[in-house]
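# Understanding the architecture of this molecule
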Amino acid sequence: MPNIVVVGTQWGDEGKGKVVDILTPHVNVVARFAGGNNAGHTVVVGREKYVLHTVPSGILHPGCRSVIGCGVVVDPGSLIEEMESLVQRGVTLDHLFISKNAHLIMPYHPALDRASEAKLGKRRIGTTGKGVGPAYVDKAARVGIRMADLLNEALFREKLELNVAQKNRLLREIYDAQTFSVEEILNQYLRYAGWLAPYITDTALLLSRWIDSGYSVLFEGAQATMLDIDHGTYPYITSSSTTAGGASTGTGVPPTRIHGVLGVSKAYTTRVGGGPFPSEMSGPLAEAIRARGHEYGATTGRPRRCGWFDAVIGRYAARINGLDTVALTKLDVLDQCESLKVCVGYRYRGEILTEFPEDENVVAAAEPVYEESEGWRAPTAGAKNEADLPAKARRYLERLEELIGVPFCLISTGAQRDETILCEDSPLLRWYPSVRSSLV
Ligand code: IMP
């Protein structure tokens, strides 16, 4: 049974939630491997809309196991709130498993996140303010507190005392911000421990046993390629490994047991927060795309910056993640455009670059080189086959595939599961032959 990674190819919010939700009936396990409650996966099931932040979208399918891997940072208060709201809506949590090694977001992390952003001034990252960056800082600095520590009060207290002493000094002396009390955090987190204890386990071992017994695992990425700590537009990135390699380190499943990578791209591009965005649009066109695509952050509600499809980034994401196939989302948002642009290169100091530059100064100064085509100006929502799409929409898709060098497997034309076209001859049908019957 194939074990497949799903990753975003742009700056996040590509619609990974919908794609994972379509594939979940065909797998046994969905595993989150990076990020925290900075993510917001929107899944629409019938009339119900779910926005998930830390819980994998597999939870919406009874029988599918959902794993929060060691690469994820967990805010236990926010996770419990999400779990309670799922239970209230009739979703069972029997199959939720949280890695013992996942690091905790502590109350001082969001405080440090906000204080650090305020100090950065015009170089601020535009984080979600959830404390994700500072939690990963502690993980790398080897002072982080992990899920397993919640189950050992003495150890938890010892680690907490060390951290609170250190963070309070930082908050008071560097940031002039409010400090924290060990006892208050201890009481609050021990209550969380009571709630979460049944779910905390050795998920790497479970995944290994499940794969041995023939289970199929879907690795659900959060954020996206261009926000990856190593491969994204540093420093305007999130603090985890969001690309396909992160699926392995973030769950403990070795690369040799992963069989393919599916990228999710929007038919245009969006970004929330600061940082370079070469194909960014401005003015009424950006407003129109934002309105049609409901481009507001699922976690913070911030308006997303909108831009044309960037094929340089598409090709880069294909290379960094080893994409086998791409699901293209939100094609319908472009239905009313009179003309469409695709960024095919960057102009920098008189040269045309077709590979994504590693140097952040080059990315910041890069000007987009566009290819322009006429829009199709007809509805695409509800099309069941590629052949049902307007000819100009088909040409647009063919050109994107050609530019990024990866075949499409799904074309999404709306938020509902059935507003999805399945492309013939894609690796997806080899991995999950039964996906065809579930989409008709
Ligand atoms: P952080 O992950 O909260 O530290 O934010 C770092 C950067 O990643 C900011 O530009 C955020 O807007 C962006 N970011 C984090 N999570 C998401 C997401 O789920 N979608 C889109 N952007 C995100």
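In case you missed it, the structure is sitting above this.
Calculation criteria
- Residues numbered from 1 in each chain as written.
- Predicted model: local features only at pLDDT ≥ 70, side-chain atom pairs only at ≥ 80, totals over all residues.
- Heavy atoms only, no water.
- Helix = DSSP H or I, 4+ residues; strand = E, 2+ residues; numbered from the N terminus.
- Rg over C-alpha atoms; globule rule 2.2 N^0.38 Å.
- Buried < 20%, exposed > 50% of the residue type's maximum accessible area, 1.4 Å probe, protein only.
- Contact = heavy atoms within 4.5 Å.
- Areas by Shrake-Rupley, 256 points an atom, 1.4 Å probe, with all protein chains shown as cover.
- Polar contact = N/O pair within 3.5 Å; in protein donor to acceptor, adjacent residues only side chain to side chain.
- Phe/Tyr/Trp six-rings, centres within 6.5 Å; stacked < 30°, edge-to-face > 60°.
- 1 Å grid on protein atoms, 1.4 Å probe; cavity = no way out; pocket = protein on both sides within 12 Å on 5 of 7 lines; lining within 4 Å.
- Points joined across faces, edges and corners; volume = space filled by probe spheres on them.
- Near = heavy atom within 4 Å.
- Nonpolar A, V, L, I, M, F, W, Y, C, P; charged D, E, K, R; others polar.
- Domains from an automatic or database assignment.
- Axes fitted to C-alpha atoms, helices over the stretch in contact; angles between N-to-C directions.
- Parallel < 35°, antiparallel > 145°, perpendicular 65-115°, else oblique.
- Left-handed = near helix turned anticlockwise from the far one by under 90°.
- Salt bridge = Lys/Arg side-chain N within 4 Å of Asp/Glu carboxyl O.
- Pairing = 2+ DSSP bridges.

## What about the overall build of the protein chain?
From N to C terminus, the protein chain includes 14 helices and 20 strands. Expected size for 440 residues packed as a compact globule is a radius of gyration near 22 Å; at 22 Å, the protein chain falls within 12% of this value. Along the three orthogonal principal directions, the C-alpha set of the protein chain runs to about 65 × 50 × 40 Å. The buried share of the protein chain, taken over its 440 residues, is 57%. The long-range fraction of contacts in the protein chain, counting pairs at least 24 apart against all pairs at least 6 apart in sequence, stands at 75%. Carbon and sulfur atoms provide 49% of the accessible area of the protein chain, an area that totals close to 18,200 Å².

## A look at the side chain of threonine 420
Mapped onto the fold, threonine 420 is located in strand E20 (residues 420–422). A polar contact is formed between the side chain of threonine 420 and the side chain of lysine 18, at a distance of 3.0 Å. One polar contact links the side chain of threonine 420 to the main-chain carbonyl oxygen of arginine 417, over a distance of 2.7 Å. Residues in contact with threonine 420, not counting those within four places in the same chain, are Lys18, Ile22, Leu410, Ile411, Ser412 and Leu439.

## Describing the packing of aromatic side chains
Counted according to the given criterion, the structure contains eight aromatic pairs. Ring centres of tyrosine 346 and phenylalanine 356 lie 6.2 Å apart, and the angle between their planes is 75 degrees; this geometry places the pair in the edge-to-face category. One end of the pair, tyrosine 346, is in strand E16 (residues 339–348); the other, phenylalanine 356, is in the loop between strand E17 (351–353) and helix H11 (360–365), with 10 residues separating them in the sequence. Summarising the burial analysis for this pair, tyrosine 346 and phenylalanine 356 share the class buried. These aromatic residues form a ring-pair network of at least three members: Phe97, Trp210 and Tyr215.

## As for empty space enclosed by the protein
All chains considered together, the criterion is met by one cavity of 30 Å³ or more. The calculated volume of the largest cavity comes to roughly 30 Å³. Lys18, Val19, Ile22, Ala327, Thr329, Leu410, Ser412 and Thr420 together form the lining of the largest cavity. Elements that contribute at least two residues to the lining of the largest cavity include exactly helix H1 (16–23), strand E15 (325–329) and strand E19 (408–412).

## What about the site of the ligand?
Taken together, 16 residues form the shell around the ligand, and within it Asp13, Asn38, Thr128, Thr238 and Arg302 come nearest. Contact between the ligand and threonine 238: an oxygen atom at 2.6 Å from a side-chain N or O atom of the residue. Between the ligand and the protein, one listed contact pairs an oxygen atom with a side-chain N or O atom of arginine 302 at 3.0 Å. Here the residues of the shell around the ligand are counted per class, giving six nonpolar, eight polar and two charged. Here the shell around the ligand spans two domains, since at least three of its residues come from each of domain 1 (4–93 + 202–439) and domain 2 (103–197).

## Quick word on the packing of helix H3 (residues 108–120) against helix H5 (residues 153–174)
Each pair of packed helices can be summarised by the angle the axes make with each other and by the distance between the axes. At a closest axis distance of 11 Å, the pairing of H3 and H5 adopts a crossing angle of 25 degrees. Between H3 and H5, the angle is such that the two are roughly parallel. Viewed along their axes, H3 and H5 form a crossing whose handedness is left-handed. Residue-level contacts link Tyr108, Ala111, Leu112 and Lys119 of H3 to Leu160, Asn163, Val164, Lys167, Leu170, Leu171 and Ile174 of H5. Along the lines of polarity and charge, the residues of the contact of H3 with H5 split into eight nonpolar, one polar and two charged.

## Regarding the pattern of salt bridges
Scanning the model with the defined rule gives 22 salt bridges in all. The residue glutamate 360 makes a salt bridge to arginine 123 at a minimum N-O spacing of 4.0 Å. One end of the pair, glutamate 360, is in helix H11; the other, arginine 123, is in the loop between H3 and helix H4 (132–141), and 237 residues separate them in sequence. Using a relative accessible area of 37% as the deciding quantity, one classes glutamate 360 as partly exposed. Assessed through its relative accessible area of 46%, arginine 123 is described here as partly exposed. A salt bridge links glutamate 280 to arginine 305; the nearest nitrogen and oxygen atoms lie 2.9 Å apart. Here glutamate 280, found in the loop between strand E12 (269–271) and helix H9 (283–292), pairs with arginine 305, found in strand E13 (residues 305–307); they are 25 residues apart in sequence, far enough to count as distant. Among the ionic contacts, a cluster of salt bridges with common partners joins Asp13, Lys266, Glu295, Arg304 and Lys330.

## A few points about the sheet that holds E20
The strand order E9-E7-E5-E2-E10-E1-E11-E15-E19-E20 describes an open sheet built from 10 strands, whose pairing is mixed. At either end of the open sheet lies a strand with only one pairing partner, and these are strand E9 (200–201) and E20. As judged from the two bridges shared by strand E7 (residues 96–99) and E9, these two strands associate in the parallel manner. In the sheet register, serine 99 faces E9, and the bridge partner there is threonine 201.

## A few points about the pairing of strand E4 (residues 48–52)
In this sheet, E4 lies alongside strand E3 (residues 41–45) in antiparallel orientation, the contact comprising five bridges. Paired with valine 44 across the strands is lysine 49, a residue of E4.

Read these as layout, nothing more, since geometry by itself doesn't imply function.
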